[in-house]
Amino acid sequence: MINEALLHPNVATTEWKLPSSRKVAIVCLILTETCLFSIFVVAYLFYLGKSLTGPTPREVLELPVLSTICLLSSSITIVLAERAFKNERDRLFKFLWLLTIVLAAIFLSMTAREWHTLIYERGLTISTNLFGTTFYSLVGLHASHVIVGLCLLLLVFIFSLTGSLTQMHRERIQMISWYWHFVDAVWVVVFTVVYVIGR
Amino acid sequence: MAIQEIALTTSRAPGISLVDRLHGLVVTVDHKKLGLMYIGTALVFLVVAGLMAVAIRLQLAVPNNTLLEPEVFNRFFTMHGTAMVFLVGMPIIAGLGNYLVPLMIGTRDMAFPRLNAFGYWMFVFGALLLYFSYLGAPGLNGHGSAPDVGWFAYAPLTGRAFSRGHSTDYWILSLLLTSVGSTVSAINVIVTALTMRCRGLTLMRMPLFVWMMLVTNFMILLALPSLSAAQLMLLVDRYLGGHFFDTQSGGSAVLWQHFFWIFGHPEVYILIIPGFACMSEIVPVFSRKPIFGYPIMVGATTMIAIISFGVWAHHMFAVGMTSVGNTFFAISTMLVGVPTGIKIFNWLGTMYGGKIRLEVPMIFCLGFLFQFLIAGLTGVMLAVVPFNWQLTDSYFVVAHFHYVLIGGLLYALFAGFYYWYPKAFGRLLNRKLGLCHFWLFTIGFHLTFDTMHFSGLLGMPRRIFTYDPGRGWETLNLIGSVGAIFQAVGVLFLAINILRSLRHGQRAGNDPWDAWTLEWATTSPPPVYNFETAPVVRSRRPLWDVKHPEDPDWKYEESEN
């Protein structure tokens, strides 16, 4: 049988190490998501100042400072949570994980309030002008990614409460945290493009 | 021989009812079954979309023909193009990758088997949704049927005002679904190739097939989001009153073209690189020589992938870009010719001085070499901007990309079918039927697409549903339509061959072609677990080393480094 002849004993002893499947997969996912966001960012920049009617970004947008602080600090709390999990400090992990969830929820609720104000008080909807179309699409695409991340975070938190989260899941938690960092990094870009350059 | 007995008992166990078999297909996560399901489903759509092409050719056979209504004609060329790219090309590539990559790298399955099944079913869902548009798309007042905006769906044709009913929505949603399927399948192949290789199989020992699949799937990850993003924007325009591509509110129809072709041009290479992959496995085996210039092939593939992301606007020369833009995209397009030319020379270099065996797979590879060369040459011609201005949207362009996708890709895929069919089913495809397939298809191909170059040069625009007599197009079109029938009969021979050989084909054994890569080290068909023990590899041709212990490849490869 050829199969047996394929076992070279002298090669079999050398070390053979390949990267983790999960890590490569999540990097691929982040890569393709980055491309998706890039196209929306390009569309936003391309249409800057091309709206035929008002309102303009300068008239209606305010710097979302507090929500940005919340989202960016959630990246720190999730790293700390990850470390607590690695050191098997269960209660600290639960606290930090919950803190991450709360920070994400604050970010989302502030986005919701921003949109409410824009729609009901300042008269900017997705169909008002090009600015509205591109603004709600780009910020909404990011917010939808935050929602997905929030669901993952909640899932892990529920598992940790039921006690079904073990050290076996360490790499999975790490992957969620990588995804979360990606969502945060995208916000830095969106913040710069929409609220700094675009205003 | 334990493996063979187990494999035979599982595949021929008596008393498995049809329902159980279908149920088995629905719940399977085995990469080999899923790979064959991908290819089988794609072949069904190849027939459907191919028949649409035959109908198009029949309509164009004579001037002022009334076989197809103009509206029906628009739907046919749209559905033909969309289906051939997304429901035939992409899934066949996913299927080949699924079936062969784990076998070639000596592992038991893909990295994420359930994700693999998910990807397949997303593709099936999207594919059925696209064809369901015939029933589901008519909206109020009976407007809409199947999509009729062309496969690149230029704005403003897709706006609410011009595309009433839901035909464009079906086009968007079905392609978004198949894109999800393609993306997860791409991630799966990449992860498998990078993290599941058997001991000793370093990156620079990987079969070129796996290398090219790796590159192509990376391109899918980078290119597909551009289409998905543009389609999401179009959905916002159509359903939420957005203005992305609405010129009346300051939007830009040209931006859609940019976004579409940022996806669309890499897509062409996503489709053709798996063709290169088949060529790079089959040509060496039937020339009895290792591939000429392995590292250069890897480099050339990567170069093609990188350059292909900088050439998209050569589809848009006629749109009125700046001369700087035109010049840039003309030069970058011609640049692609360099690594592609390197590949052609490497295949020729592999054949040069080899002991060529003219089996059916090799004959298709030879067809590929001639036809792909011509396709490349007309491609360089079209990269010249003034020439492109003259012939844009003419039948010359249609001839060019059909030369690439049929004369190139499809020939390489046919070669792959004849080459790997014995591995998948344990029986060889019939040689005589295969030769009939080759000659009928080749004669038909040249009748149809050689003539199209000339009708294009004579000014015949693409996508017209009929034409007046007296412009010099009649004979060329008639010949082209006769060729379509030859091609259809050729494919019929392939279908008969595939079905007949399942039961009556000559038994193949494990390694009918005396080949060198790992998939031939296991039984045909391979058992569920592929390899009883994980193989260990020391060179690029592990089976050569086994068959020729007195003169193994690794002696040379290790002294090279």
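The preceding data block contains the structure.
Everything numeric in this text was worked out from a predicted model, so none of it was measured. (Residues numbered from 1 in each chain as written. Chains lettered and ligands numbered in written order. Predicted model: local features only at pLDDT ≥ 70, side-chain atom pairs only at ≥ 80, totals over all residues. Heavy atoms only, no water.)

Looking at this structure, I do not really get the overall build of chain A. What am I missing?
Looking only at helices and strands, chain A features 8 helices and 0 strands. For chain A, the α and β elements follow one another from N to C terminus as α-α-α-α-α-α-α-α. Overall, chain A is about 75 × 45 × 25 Å in size when its C-alpha atoms are taken along their principal axes. Here chain A holds 199 residues, and the buried ones make up 46% of them. Partitioning the contacts of chain A with sequence separation of at least 6, the portion at a separation of at least 24 is 82%. Between the averaged position of the 15 positive side-chain charges in chain A and that of its 12 negative side-chain charges there is a distance of 5 Å. (Helix = DSSP H or I, 4+ residues; strand = E, 2+ residues; numbered from the N terminus. Buried < 20%, exposed > 50% of the residue type's maximum accessible area, 1.4 Å probe, protein only. Contact = heavy atoms within 4.5 Å. Lys, Arg positive; Asp, Glu negative; His and termini not counted. Charge placed at Lys NZ, Arg CZ, Asp CG, Glu CD.)

It is not clear to me how the interface of chain A and chain B should be interpreted in this structure. Could you clarify?
On the side of chain B, 55 residues touch chain A, which itself brings 43 residues to the contact. At the boundary of chain A with chain B, total buried surface from both sides reaches about 4000 Å², with 75% on carbon and sulfur atoms. At the surface where chain A touches chain B, the tally comes to 0 salt bridges. At the junction of chain A and chain B, the tally comes to 8 residue pairs in polar contact (both at pLDDT 80 or more). Listed by contribution, the elements that provide at least two residues to the side of chain A that touches chain B are helix H1 (2-5), helix H2 (9-12), helix H3 (21-46) and helix H7 (130-162) of chain A. (Buried area = accessible area lost by both parts, 1.4 Å probe. Salt bridge = Lys/Arg side-chain N within 4 Å of Asp/Glu carboxyl O. Polar contact = N/O pair within 3.5 Å; in protein donor to acceptor, adjacent residues only side chain to side chain.)

What should I look at first to understand the side chain of Asn530 of chain B in this one?
Residue and element names in this part refer to chain B. Considering the arrangement of structural elements, one finds Asn530 in the loop between helix H15 (474-504) and helix H16 (542-547). From its side chain, Asn530 meets the backbone oxygen of Arg108 in a polar contact 3.4 Å long. Not counting the four nearest positions on each side in its chain, Asn530 is found in contact with His31, Lys32, Pro102, Leu103, Thr107, Arg108, Asp109 and Thr522.

Teacher, can you tell me more about the nonpolar core here?
Nonpolar side chains tend toward joint burial in soluble globular proteins. Within the largest apolar cluster, 234 residues are counted, with the highest numbers of intra-cluster contacts made by Trp97 and Phe135 of chain A together with Phe209 and Trp256 of chain B. Here the element with the most residues in this core is helix H8 (residues 253-287) of chain B; it accounts for 20 residues. Setting aside residues up to four positions removed in sequence, Trp256 of chain B forms contacts with Phe152, Ala153, Tyr154, Ala155, Trp171, Ala230, Gln231, Leu234 and Phe245 of chain B. Counting 5 residues, the second largest nonpolar core, distinct from the first, contains Met122, Leu129, Ala137 and Leu177 of chain B. (Core = buried A, V, L, I, M, F, W, Y, C linked by side-chain atoms within 4.5 Å.)

How should H8 of chain B be read in this particular structure?
At 3.6 residues per turn, the α-helix brings residues three or four places apart onto the same side. Residue and element names in this part refer to chain B. Taking 1.5 Å as the rise per residue, H8 with 35 residues should run 51 Å; its terminal C-alpha atoms sit 51 Å apart, in good agreement. The element H8 is largely enclosed, with a buried count of 31 among its 35 residues. If you check the start of H8, you find a side-chain oxygen 3.2 Å away from the backbone N of Val254, and it comes from Ser252. Downstream of H8 by a residue or two, Arg288 has a phi angle that is positive, lying close to 55 degrees. (Expected span 1.5 Å × (residues − 1).)

What's the story with unusual backbone geometry in this structure? I'm lost.
With the exception of glycine, the majority of residues adopt a negative phi angle, and the majority of peptide bonds are in the trans configuration. Of the consecutive residues Gly54 of chain A and Pro55 of chain A, the connecting peptide bond is found in the cis state with omega at -5 degrees. Inspection of the secondary structure puts Pro55 of chain A in the loop between H3 and helix H4 (57-60). In this structure, the amide linkage connecting Ala155 of chain B to the following residue, Pro156 of chain B, adopts the cis form with an omega of 0 degrees. In this fold, Pro156 of chain B is placed in the loop between helix H5 (113-136) and helix H6 (167-195). Even without being glycine, Asn530 of chain B reaches a positive phi, approximately 65 degrees.

Looking at this structure, how should I read the side chain of Thr68 of chain A?
Inspection of the secondary structure puts Thr68 of chain A in helix H5 (residues 65-86). Not counting chain neighbours up to four residues away, the residues in contact with Thr68 of chain A comprise Trp187 and Phe191 of chain A.

Is there a simple way to think about the environment of Leu18 of chain B in this case?
Inspection of the secondary structure assignment puts Leu18 of chain B in helix H2 (residues 18-27). Between the C-alpha atoms of Leu18 of chain B and Arg503 of chain B, which are 485 residues apart in sequence, the distance is 17 Å.

Whenever I open this one, the packing of helix H11 (residues 360-383) of chain B against helix H14 (residues 431-457) of chain B confuses me. Can you help?
The relative placement of two packed helices is expressed as an angle between their axes plus a distance between the axes. Residue and element names in this part refer to chain B. Between H11 and H14, the least distance of the axes is 10 Å, while the angle of their chain directions is 10 degrees. Judged on the interaxial angle alone, H14 and H11 are roughly parallel. Of the residues in H14, those in contact with Val360, Ile363, Phe364, Gln371 and Thr378 of H11 are Arg431, Gly434, Leu435, His437, Phe438, Thr442, Phe445, His446 and His453. Along the lines of polarity and charge, the residues of the contact of H11 with H14 split into 6 nonpolar, 7 polar and 1 charged. (Axes fitted to C-alpha atoms, helices over the stretch in contact; angles between N-to-C directions. Parallel < 35°, antiparallel > 145°, perpendicular 65-115°, else oblique. Nonpolar A, V, L, I, M, F, W, Y, C, P; charged D, E, K, R; others polar.)

Would you mind showing me how to read the packing of aromatic side chains here?
Working definition: an aromatic ring pair is given by the centre-to-centre distance plus the angle between the planes. Residues and elements named next belong to chain B. Under the criterion given, the structure shown has 63 aromatic pairs over all chains. Between the aromatic rings of Tyr38 and Tyr120, the centroid separation amounts to 5.2 Å while the plane-to-plane angle is 90 degrees, which identifies the pairing as edge-to-face. Of the two residues, Tyr38 sits in helix H3 (residues 31-60) while Tyr120 sits in helix H5, which places them 82 residues apart along the sequence. Judged by relative accessible area, which is 6%, Tyr120 ranks as buried. Over the aromatic face of Trp554 sits the side chain of Arg538, whose NZ or CZ is 3.6 Å from the ring centroid. A cation over an aromatic ring shows up here: Arg540 above the ring of Tyr294, its NZ or CZ 4.0 Å from the ring centre. (Phe/Tyr/Trp six-rings, centres within 6.5 Å; stacked < 30°, edge-to-face > 60°. Lys NZ or Arg CZ within 6 Å of the ring centre and 35° of its normal.)

So yeah, pure geometry; function would need other evidence.
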